Amino acid sequence: MSQFVYLYRGAERGRSPEKMQEMMQKWMAWMKQLTDQGHIKDMGQPLEHTGKLVKGKQKTVTDGPFAETKDIIGGYTLIEARDLDQAVELSKGCPIFEVEGAVEVRPVMKMNM
Amino acid sequence: MIDPSDHLFRREAGRMVATLTRIFGVHNLALAEDVVQDAFCRALEVWKFRGVPENPSAWLMATAKNRALDVLRRERTARTFAPELGQLLDSEWTVAPVVEELFGANAIKDDQLRMMFSCCHPRLPEEAQVALVLHILCGFSVNEIANAFVSRDAAIEKRISRAKKVLAGSKRLFDLAGADDFSGRLPAVHRALYLLFNEGYHGASPESAVRAELCQEAMRLTALLIEHPLAATPATHALAALMCLHAARLPGRVDASGSLISLFDQDRSRWDSRLVAEGQRFLDLSATGPELTQYHVEAAIAWVHATADRTEDTDWGKIVSLYNTLVTIRPSPVVALNRAIAIAQHEGPKRGLEEIRAIAGRDRLATYPFFHAALGEFEFHSGRYEIAREHFRAALAFARNPMERQFLEQRMGACEDAAPQRTAVARRQEAPVRRVVRHKGRGPG
């Protein structure tokens, strides 16, 4: 098994309370399914949408946000899967696609050469 | 995990908006709505990784409270907040304790009541008041309200945004402490909740789940009135009784295939006896003053139906006399029609037809499907099946949803089956044979 990180991109707004609750329930069902199938290495964490950016030789500090709303990373999850194809396949169950968000699937670099 | 049938977010939306509007001031309603949206986004982001907290309502409220404090501190100089709270929000000494207090359980109940009274502003037409209550206090989106009312999104959007302008322009939220204003505004609040309940009970949405939700929301808000000493009047109790006694019949109103069942054919063992008892209790509480409202009379009528074990046991004499009272308190062609139906049950279809002919403003019923259906039933029970069938056909043209349509088609089928053999055979070749249900008078109950 190899490890992969899912980076969830895109934040949702402007939806009714009922729709938000539905979306939450879909997320939890998806996470549970992945857990039950043994694919979750680490559930991960949500990330605040703001923060600081430290950059350059001068270590200049600027305020976030760092990206357009649709590109903001809202959280990550550490996944175990056979290969990249399976990790991609598993990500397709994520409810984020219903709100035009995206999942970035990145293999964790292996140490053995 | 949250039970999917629990509309937690929707309910909490109403509580949060009411409280935040109390803090920010009614002119900042949009800001309050933004903060609520933020709280939900945050819940969604955090809960999906860490699971639903033990007390999700408290979590949401605490998030809204913290956000409110941020906004108050950040925008103190740029905005004015609730004039009612004066300087309390300006000083760092008082802002946190004041906000803490305003997020207390009892304060939140009062905030919802205050918002309910504010939404029933005399400058707003009744349908706008109902839409506003549903949107602000029940957390329904424009689209969900449009679905429930079988209206276009754009029409509801317009209605709500106009209503919000009136509300925001009213400068202050309704003052619950002003006793005169309170009793003056209470009837409008009753009326809005009554209309909300009716929309659920008789309304046009084909989805019975949507409609049951409207009934539940009306009952939840009425329960808030009952908890408040000034609002718990005999009329409020009568309204609560009316809702309970009608809601008790909801489980029997639709059959397994989703078709409406007439009051007379419902399986009464499916009625909710707990709600009947609750209704009875409210009805007793409503009989404590000299005031007799339409809610008292309608609740009493519902009580007679709810407590008859079998259709045959219904005390029609009592129902007729209650309708006689109702037409004097709240005269309307629909009430007169229902009275005529009760009279037909009590004294026969011929009397029913006479009463219908005597209804003042009868032409206003021309597009009401159950006006034609009532004529159909009276003719049917007089043995004039062909004429009855034409009335049901007329009713069909005005049916407001598939359930009503199906119900009326069944009645047309019953007319064909009851008509002389030759005609029935000829008719059957035109239309598929329908299930025949035994029916007496009156539309679906």
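Preceding this section is the structure that the text describes.
What comes next concerns the included structure.

Each value, and the rule that gives it
Residues numbered from 1 in each chain as written. Chains lettered and ligands numbered in written order. Predicted model: local features only at pLDDT ≥ 70, side-chain atom pairs only at ≥ 80, totals over all residues. Heavy atoms only, no water. Helix = DSSP H or I, 4+ residues; strand = E, 2+ residues; numbered from the N terminus. Buried < 20%, exposed > 50% of the residue type's maximum accessible area, 1.4 Å probe, protein only. Axes fitted to C-alpha atoms, helices over the stretch in contact; angles between N-to-C directions. Parallel < 35°, antiparallel > 145°, perpendicular 65-115°, else oblique. Left-handed = near helix turned anticlockwise from the far one by under 90°. Contact = heavy atoms within 4.5 Å. Nonpolar A, V, L, I, M, F, W, Y, C, P; charged D, E, K, R; others polar. Core = buried A, V, L, I, M, F, W, Y, C linked by side-chain atoms within 4.5 Å. Patch = residues over 30% accessible without salt bridge, like charges linked within 9 Å, V, L, I, M, F, W, Y side chains within 5 Å. Areas by Shrake-Rupley, 256 points an atom, 1.4 Å probe, with all protein chains shown as cover. Salt bridge = Lys/Arg side-chain N within 4 Å of Asp/Glu carboxyl O. Lys, Arg positive; Asp, Glu negative; His and termini not counted. Charge placed at Lys NZ, Arg CZ, Asp CG, Glu CD. Expected span 1.5 Å × (residues − 1). 1 Å grid on protein atoms, 1.4 Å probe; cavity = no way out; pocket = protein on both sides within 12 Å on 5 of 7 lines; lining within 4 Å. Points joined across faces, edges and corners; volume = space filled by probe spheres on them. Pairing = 2+ DSSP bridges.

## Observations regarding the overall build of chain A
Item 1. Looking only at helices and strands, chain A has 2 helices and 6 strands in total.
Item 2. Order of helices (α) and strands (β) in chain A, N terminus to C terminus: β-α-β-β-β-β-α-β.
Item 3. Overall size of chain A, expressed as C-alpha extent along the three principal axes, is 50 × 45 × 20 Å.
Item 4. Burial analysis of chain A (113 residues in total) assigns 36% to the buried set.

## A few points about the packing of helix α11 (residues 234–247) of chain B against helix α13 (residues 273–286) of chain B
All names here are of chain B.
Item 1. It is at 8 Å that the axes of α11 and α13 come closest, and there the two elements cross at 160 degrees. Here α11 is positioned roughly antiparallel relative to α13, judged by the angle of their axes. Read as a crossing pair, α11 and α13 show a hand that is left-handed. On α13, the residues that touch Pro234, His237, Ala238, Ala240, Ala241, Cys244, Leu245 and Ala247 of α11 are Leu275, Val276, Glu278, Gly279, Gln280, Phe282, Leu283, Leu285 and Ser286.
Item 2. Within the contact of α11 with α13, the residues separate by chemical class into 12 nonpolar, 4 polar and 1 charged.

## A closer look at the nonpolar core
Item 1. Within the largest apolar cluster, 125 residues are counted, with the highest numbers of intra-cluster contacts made by Tyr6 and Tyr8 of chain A together with Leu20, Phe24, Met115, Met116 and Phe117 of chain B.
Item 2. Take this core: its biggest share by element is 13 residues, from helix α2 (residues 29–50) of chain B.
Item 3. Setting aside chain neighbours within four positions, we find Met116 of chain B in contact with Leu137, Val189, Leu193, Leu221, Leu224 and Leu225 of chain B.
Item 4. Of all hydrophobic cores here, the second largest spans 16 residues; its members include Val297, Ala300, Ile301 and Ile343 of chain B.

## A word on the side chain of His246 of chain B
Item 1. Along the polypeptide, His246 of chain B turns up in helix α11.
Item 2. The buried category is assigned to His246 of chain B, whose relative accessible area is 15%.

## Quick look at a positive patch on the surface
Item 1. On the surface, Arg152, Lys158, Arg162 and Lys165 of chain B cluster together into a patch of positive charge.
Item 2. Turning to its location among the elements, Arg162 of chain B is positioned in helix α8 (residues 153–169).

## Overview of helix α5 (residues 105–119) of chain B
Item 1. Compared with an ideal rise of 1.5 Å per residue, which puts 15 residues at 21 Å, α5 of chain B spans 21 Å between its outermost C-alpha atoms and is within 8% of the ideal.
Item 2. Along α5 of chain B, the residues classified as buried are Ile108, Asp111, Gln112, Leu113, Arg114, Met115, Met116, Phe117, Ser118 and Cys119 of chain B.

## Observations concerning the layout of surface pockets
Item 1. Counted as a void, the largest pocket has a volume near 1500 Å³.
Item 2. Lining of the largest pocket is provided by 49 residues; of these, Tyr194, Asn198, His202, Val334 and Tyr368 of chain B occupy positions nearest its centre.
Item 3. For the lining of the largest pocket, the secondary-structure elements that each account for two or more residues are α6 (126–137), α9 (179–202), α11, α14 (294–306), α15 (316–329), α16 (333–347) and α18 (369–381) of chain B.
Item 4. No other element matches the 9 residues that α9 of chain B contributes to the lining of the largest pocket.
Item 5. For the lining of the largest pocket, the class distribution of residues is 25 nonpolar, 11 polar and 13 charged.
Item 6. The space that makes up the second largest pocket amounts to roughly 480 Å³.
Item 7. Lining the second largest pocket we find 20 residues, and of these Glu48 and His49 of chain A together with Asp38, Arg42 and Glu45 of chain B sit closest to its centre.
Item 8. Elements represented by at least two residues in the lining of the second largest pocket include exactly α2 and α3 (56–75) of chain B.
Item 9. Looking at which element gives the most residues to the lining of the second largest pocket, the answer is α2 of chain B, with 7 residues.
Item 10. For the lining of the second largest pocket, the class distribution of residues is 6 nonpolar, 5 polar and 9 charged.

## Observations concerning the sheet that holds strand β6 (residues 102–107) of chain A
Residues and elements named next belong to chain A.
Item 1. With respect to topology, 4 strands assemble into an open sheet ordered β2-β5-β1-β6, the strand pairing being antiparallel. Edge positions in the open sheet fall to β2 (40–46) and β6, since each of these has one partner strand only. If you compare each strand with its neighbour and ignore which way they point, the axes differ by 15 degrees on average.
Item 2. Taken together, the 6 bridges between strand β1 (residues 2–9) and β6 define a ladder with antiparallel strand orientation. When the bridges of β6 are listed, Leu7 appears paired with Glu104.
Item 3. Of the strands in this sheet, β1, β5 (73–81) and β6 touch helix α2 (residues 84–91), which is tilted by about 160 degrees from β6.

## Remarks on the packing of α18 of chain B against helix α20 (residues 402–418) of chain B
A packed helix pair is summarised by two numbers, namely the angle formed by the two axes and the spacing between the axes.
Residue and element names in this part refer to chain B.
Item 1. Relative orientation of the contacting elements α18 and α20 amounts to 20 degrees, with a least axis distance of 12 Å. Considered as vectors, α18 and α20 are oriented roughly parallel to each other. Of the two possible hands of crossing, α18 and α20 adopt the one that is left-handed. For the pair formed by α18 and α20, the contact residues are Pro369, Phe370, Ala373, Glu377 and Phe380 on the first element and Glu404, Phe407, Leu408, Arg411, Ala414, Cys415 and Ala418 on the second.
Item 2. Of the residues contributing to the contact of α18 with α20, the split by class is 9 nonpolar, no polar and 3 charged.

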